[in-house]
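# Coordinate analysis (summary)
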Amino acid sequence: MGSDKAPGPDGFTAGFYKGAWHIVGSEVAEAVIDFFNSGKLLRELNHTLIVLIPKSPSPVMVTDYRPIACCNVLYKCISKIVADRIKAGLNNIVSINQSAFVPGRKISDNILLTQELMHNYHRNIGPPKCAFKVDIQKAYDTVNWKFLNDVLIGFGFHHKMVHWIMLCVSTTTFSVCVNGEVHGYFKGNRGLRQGDPVSPYLFTLVMEVLTAILQHSIKEGSLPVKYLGVPLISSRLLHKDCYELVEKLEKRIMHWRNKLLSFAGRLQLIISVLSSMHVYWSSVFILPSRVVLQLEALMRNFLWSQDSAFQKGRSKVSWNSVCVPKYEGGLGIRRIGDVNMALMTSHFWSLLTKRSSLWVDWVHSYRLKGKSFWECRVPSSCCWSWRKMLQIRPIIRKFFWTEIGNGVNTSAWFDSWSVLGPLHSIISPRVIANAGFDMGSKVSDIYHSNSWIWPLEWRVSYPGLNQLDQLSLVPNKPDKLMWRHGDNLFDFSSSRAWDSVRIQAGEVDWSRVVWFPQCIPRHACLMWLIMRRKLLTQDKILSWDFSRRKNMNMMCCLLCYANHDSHNHLFFECKYSSEVWHKVRQKAGMGTVQPKWSDISNWLIEKSKPKSVVGFVARLVVAASAYFIWQERNSRLFKNQLRPPETLSGIVIQQVRYKLMGAKLRNCANVRKLLEDWGIDGSGLFEIAAD
């Protein structure tokens, strides 16, 4: 950033982003490149709408709101380029004690390190201890622009880069958006915008200076206190410490708008919002089991309950079956305990790879002291978080695997680097010591002259060691830590760790029939229940109550009154539903498929290929038919409302036709003919996304 040549349109704007211009369009590219060429920014591009988000349930003052800046899209393209340029050099400028927004660092490291430092702070024994917490109110809004300019120059940013940054920051104009209407027009005088891609990195640079000059009085408090959004504790994490997390989830569920959501809407809210609310906490603490059960109970009741209070309802499918991926027959909800385990595993990975971090350095210096992480015992006096991390080692140890190169950084006895697993599990420390080896030996220490230097008696006592003769070290290749799942090795990721520690279920062949791009969510959810045979038909209800079996002859199908109400009969062997199927199957290209669920589902499984428009339309038609037949059955049962099969088949065709009119399809002969059969103009449609 301190070079003489400033990056311009021939540099990162036209070079680094060269491959993206054809996507964003020539007009956007011209506007962005013009900014870096001329050093001028149109006032319209930097106009911002301020949306006020309440920070408390009942805000009464302006300070009770958090302003979020909704920046112009073209401006964000410019700001993102500048932000990426700044981000590349932050690691060399910002001290290691700042973790937020700096690539390669984790904010959770600071929390873990603080837990170590605060250990036993709640006790009244030992030398006097003191800690203070600093909270900057409205931190973004109070940044002085002149000070920011001086900071950038002081850190050695090129004068053109400083000009571009200050142009983005200081030429802002604002309007306030209240209840969907825009009010006012005024200029800014100071501060950074929350919502501007470059703001977090500029604020990090400002804080780097502020941490060196900050002076204020100390306010005495008691533990636990909030630190970086989570409780700072000196003992174990209790249920009461997590009350805020439980309450936040409960309030989000009880919002009045959620009462209007269907089952599909509630499922989407759980996956996209509720399941992520605990992630930050789960990346720092091993949550108490009581908290995990309470959070999952809230989500489970929200998913299945039919009343507006979202109290406990009857679950049609077990929670374990729900919390598996869709291709295994579930709904794709991730269990909190599994996510918690996977996120904590990332800290193990940091320790074993010795990632550059204050917390990692602390643990290696004061906890491990040169020993293997797997060898370290749980000390009698340590912080609660470290003790809990050590206690879960046996669960995740089997997934850590070292791909041997030169063997210099791999423990010979405690790491998994061969098919035998950790050698200390089959060879005792006494035997190792008697053979002249050290418990801290590396793999390279037991391999010389292209052979393993085992004592001869070991080859007799431990015949499995003979299998290692086929394994040899590669002098110029470093060891590499890998994540092992089954017989496959992968680079580590939290998502991969979750997939390994979660409950595994076998893949189902009908997942593509139910879940596919551009499906109708509420229809897909009903299809999922049908595939699992979990709809509450009368035969299933009667199986729960043996006392009502004597009245089973009264529980006939409400559509045809000729047979018992069951899955197979309802879809589509019933006379009523069979008539509906015969009227819609030709439109789905299934004219020869008989009205039996087994025949229909088998046909769909064979045709449900990615980007197959025939399979796409067929799945839409079948799902819509099942949905409206089930709706008709319930209308007759609970509301005594009847519709003829002709009306229902017309509704099915109309619903699918509306969906096709808004779908993105390939522009080819087969698609054009199909849309013509449905009476739809196919111009301007795009390709269906792959499954």
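## Focus on the overall build of the protein
For the protein, the count of helices and strands is 29 helices and 11 strands. When its C-alpha atoms are laid out on the principal axes, the protein stretches across 85 × 80 × 55 Å. Here the protein holds 691 residues, and the buried ones make up 46% of them. In the form shown here, the protein has an accessible surface area of approximately 36100 Å², with 53% of it arising from carbon and sulfur atoms. The averaged location of the 53 negative side-chain charges in the protein is 5 Å from the averaged location of its 86 positive side-chain charges.

## Side note on the sheet that holds strand S2 (residues 65-70)
Reading across the sheet, the 4 strands line up as S2-S1-S3-S4 and stay open at both edges, with mixed pairing between neighbours. Every interior strand has two partners, whereas the edge strands, S2 and strand S4 (181-187), have only one. The average angle at which neighbouring strand axes cross in this sheet is 30°, direction not considered. Relative to S4, strand S3 (residues 173-178) runs antiparallel, the two being bridged by 5 bridges.

## Topic: helix H14 (residues 336-353)
The end-to-end C-alpha separation of H14 is 26 Å, in line with the 26 Å expected for 18 residues at 1.5 Å each. A large share of H14 lies buried, amounting to 15 of its 18 residues. Of the residues flanking the end of H14, it is lysine 354, one or two places downstream, whose phi is positive at about 55°.

## Describing the pattern of salt bridges
Tallied over the full model, the rule gives 16 salt bridges. A salt bridge links aspartate 109 to arginine 355; its shortest N-O distance comes to 2.5 Å. Separated by 246 residues along the polypeptide, aspartate 109 in helix H5 (residues 107-117) and arginine 355 in the loop between H14 and helix H15 (358-368) bring together distant segments of the chain. A single salt-bridge network, built from bridges that share partners, covers Lys80, Asp84 and Lys87.

## Some points on the confidence of the model for the protein
Per-residue confidence for the protein gives a mean pLDDT of 85; residues scoring 70 or more make up 90%. Considering only residues more than four positions removed or in separate chains, one finds that residues 1-18, a stretch of pLDDT under 50, has 35 contacts. Segment residues 686-691: pLDDT under 50, and 22 contacts once partners within four positions in sequence are set aside and those in other chains are kept.

## Side note on the side chain of serine 346
Here serine 346 shows up in helix H14. Residue classification places serine 346 among the buried positions, given a relative accessible area of 8%. With sequence-adjacent residues up to four places away left out, serine 346 is seen in contact with Lys106, Phe492 and Ser494.

## Brief notes about the environment of isoleucine 253
Positionally, isoleucine 253 belongs in helix H9 (residues 243-253). With 48 residues separating them in the primary sequence, isoleucine 253 and asparagine 301 have C-alpha atoms 10.0 Å apart.

## Some words on the sheet that holds strand S10 (residues 480-485)
Pairing is antiparallel in the open sheet, where 3 strands are placed in the order S7-S10-S11. Across the chains shown, the open sheet's two edge strands, defined by having one partner strand only, are strand S7 (400-403) and strand S11 (488-490). Put simply, the sheet's adjacent strands are angled 50° from each other on average, direction ignored. Bridge analysis of S7 against S10 gives 4 bridges, and the strand direction is antiparallel. From the neighbouring strand, tryptophan 401 faces S10, where its bridge partner is methionine 482. Sheet contacts for H14: S7 and S10; angle to S10, the most-contacted strand, approximately 150°. Along the sheet, helix H20 (residues 494-501) contacts S10 and S11; its crossing angle with S10, the most-contacted strand, is approximately 40°.

## Concerning unusual backbone geometry
Both trends apply: most residues other than glycine have a negative phi, and most peptide bonds are in trans. Put simply, phenylalanine 571 and phenylalanine 572 share a cis peptide bond, and its omega is 0°. Mapped onto the secondary structure, phenylalanine 572 falls in helix H24 (residues 567-573). Here asparagine 450, not a glycine, exhibits a phi torsion of approximately 60°, which is positive. Tracing the sequence through the fold places asparagine 450 in the loop between strand S8 (447-448) and strand S9 (451-452). For tyrosine 561, which is not glycine, the phi torsion reads 55° and is therefore positive. With relative accessibility at 51%, the residue tyrosine 561 sits in the exposed group.

Conventions used here
All residue numbers refer to position in the chain's written sequence, counted from 1. For this predicted model, a pLDDT threshold of at least 70 governs which residues receive local features, and a threshold of 80 or more governs which side-chain atom pairs are given and counted, while totals over whole chains, interfaces and linings are taken from all residues. Note that the side-chain values use all heavy atoms of the structure and ignore hydrogens as well as water. Counting from the N terminus, the helices are DSSP H or I runs at least four residues long and the strands are E runs at least two residues long. Exposure categories follow from relative accessible area, calculated using a 1.4 Å probe and restricted to protein chains: below 20% of the type maximum is buried, above 50% is exposed, and the middle band is partly exposed. Note on areas: Shrake-Rupley with a 1.4 Å probe; residue coverage comes only from the protein chains shown. His is not counted, nor are the chain ends, whereas Lys and Arg count as positive and Asp and Glu as negative. Think of each charge as sitting on NZ of Lys, CZ of Arg, CG of Asp or CD of Glu. Strand pairing is assigned whenever DSSP detects at least two bridges linking the two strands. Axis definition: a line fitted to C-alpha atoms, limited for helices to the stretch in contact. Angles are taken between N-to-C directions and run from 0 to 180 degrees. Expected helix span is given by 1.5 Å per residue-to-residue step, counting one fewer step than there are residues. Within this document, salt bridges are pairs made up of a side-chain nitrogen of Lys or Arg and a carboxyl oxygen of Asp or Glu, the two lying within 4 Å of each other. How sure the predictor is of each residue is captured by pLDDT, a score from 0 to 100. Note on contacts: a residue pair qualifies if any of its non-hydrogen atoms lie within 4.5 Å across the two residues.

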